[in-house]
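Analysis of the macromolecular model
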Amino acid sequence: MSRSPRNAAVTALAVVAAGMAAMAAGCGTRTQVRWEAEQRMSGAVAPGALLVFGDGGAPAVRAPVVPIRWPGDSTACPAARAAVPGGGDTVVAAWWQPRPPKGSVLLVSRSPNGGVDWERAVEVGTSGTRAAPCDRPPPGVAATAGDATVVAFHGVLGDTAGIVIAAVRPGARRADGVRLVAPGGAARLAGVAVTGDTIAVAYESPAVADGAVWLAIWVGPGQIPVVRERVSGADARARAPLVALHAGRLAVGWNEAARGSEGPAAVVRVGRLRR
C-alpha cells in the first residue's frame, strides 16, 4: 500500500524514535554508507545555502531561499532563521525568537504562496536561559513531499543540551517526535534531509571543538542500524554542514579550511546507503 505524502514526517520521526532506541542499545557502530571521492568547489558555501541532487544526479549547491516576506516574528533574530522550498509555491521557515524566561524559542511556519501569507507558527524547541536570545545558529530545515517541516537545531530537551530534531506537519499545533541527536552544550550548526523513511543529520559536534562534521542517519526500522560517524577529514577544519538525500544516495557538504591555509572552500562527499 502506498504511503500518503502528508504522513511522511510521521513515518520519518517514527524512524528517528526507533533509531534512537537502537543507539541507546549500542547499535550502529559500523559504517553503512559506501562513500565516493570528495568533490571540491571554488569559494565557500554561503549561510543558508541548500545542497541538492541536481540534473544527472550530481550534487549542487543552491542559493539560500529568500521568501517574498519572512514571518513577522523572525525579524527579531534575522541571522538565526532559514527557509526551504516545499511543493509548488510553498515555503517553510524556522527561526529563533526571544521569549523570556526560556531565553529563545524555535518557531516553524508554512506559507502556501511563497511568503505572502504565513500560517500560525508552531514552537518546536528552546535554547535554554544561559544563551543570549539571538546568539543562536540558524536551524537546519527540510520539507517533506507533503510539506511537513523537519528541523535540526541546537537546543535543550529536558535537562540536556545538544543537537535536536523535530517535525511539524501542516496544520499541526505542536511538534512530533522531538529527539536528541548528539548531546553537548556548545551551540553548533546542523543540516537535515528527509526522504521517505530516511533521515540524515549533518552537524558540528556540540560536545567538542574538533573542527569536524559528523553524520547521523536513520533508515527504516530494522533496515540498517543507526549510523553516527565523522565524515570530514582529520587534516582540515570543517564547518557549516549541509546534507541531501535522493534515491538511496547521500551528499554531505561543508566549508573547509586546510590547517594553515588562507580561506575556506566548499567540499561535498557523496555516498550510497547500504541496506
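Residues numbered from 1 in each chain as written. Predicted model: local features only at pLDDT ≥ 70, side-chain atom pairs only at ≥ 80, totals over all residues. Heavy atoms only, no water.

1. Side note on the overall build of the protein chain
Condition: Working definition: helices are DSSP H or I runs of at least four residues, strands are E runs of at least two. Numbering for both runs from the N terminus. For the exposure calls, accessible area comes from a 1.4 Å probe over protein chains only, and a residue counts as buried if that area is under 20% of its type's maximum, exposed if over 50%, partly exposed in between. The protein chains shown are the only cover counted for residues, whose accessible areas, like all others here, come from Shrake-Rupley with a 1.4 Å probe.
In terms of helices and strands, the protein chain carries 2 helices and 18 strands. Taking all 275 residues of the protein chain together, 51% fall into the buried category. In the structure as shown, the protein chain presents an accessible area of about 12,200 Å², 52% of it carried by carbon and sulfur atoms.

2. Some thoughts on the state of the cysteines
The line we're drawing: The disulfide criterion used throughout: a pair of cysteine sulfur atoms within 2.5 Å.
A full pass over the atoms with the stated rule returns 1 disulfide. Here Cys 77 pairs with Cys 134 through a disulfide, and the sulfurs are 1.9 Å apart. Since a negative S-S torsion denotes a left-handed disulfide, the Cys 77-Cys 134 link at about -70° is left-handed. Of this pair, Cys 77 sits in the loop between strand S3 (59-62) and strand S4 (81-85) while Cys 134 sits in the loop between strand S7 (122-126) and strand S8 (140-143), and the two are 57 residues apart along the sequence. Owing to a relative accessible area of 2%, Cys 77 belongs among the buried residues under this scheme. When its relative accessible area of 35% is taken as the criterion, Cys 134 is described as partly exposed.

3. Comments concerning the pattern of salt bridges
Applied cut-off: For salt bridges, the criterion is a side-chain nitrogen of Lys or Arg within 4 Å of an Asp or Glu carboxyl oxygen.
Summed over the entire model, instances satisfying the criterion amount to 7 salt bridges. A salt bridge links Arg 40 to Glu 38; the nearest nitrogen and oxygen atoms lie 3.7 Å apart. Residue Arg 40 is classed as exposed on the basis of its relative accessible area, which comes to 54%. Put simply, Arg 169 and Asp 176 hold a salt bridge, and the shortest N to O gap is 2.8 Å. One continuous salt-bridge network, built from bridges that share partners, spans Glu 38, Arg 40 and Glu 256.

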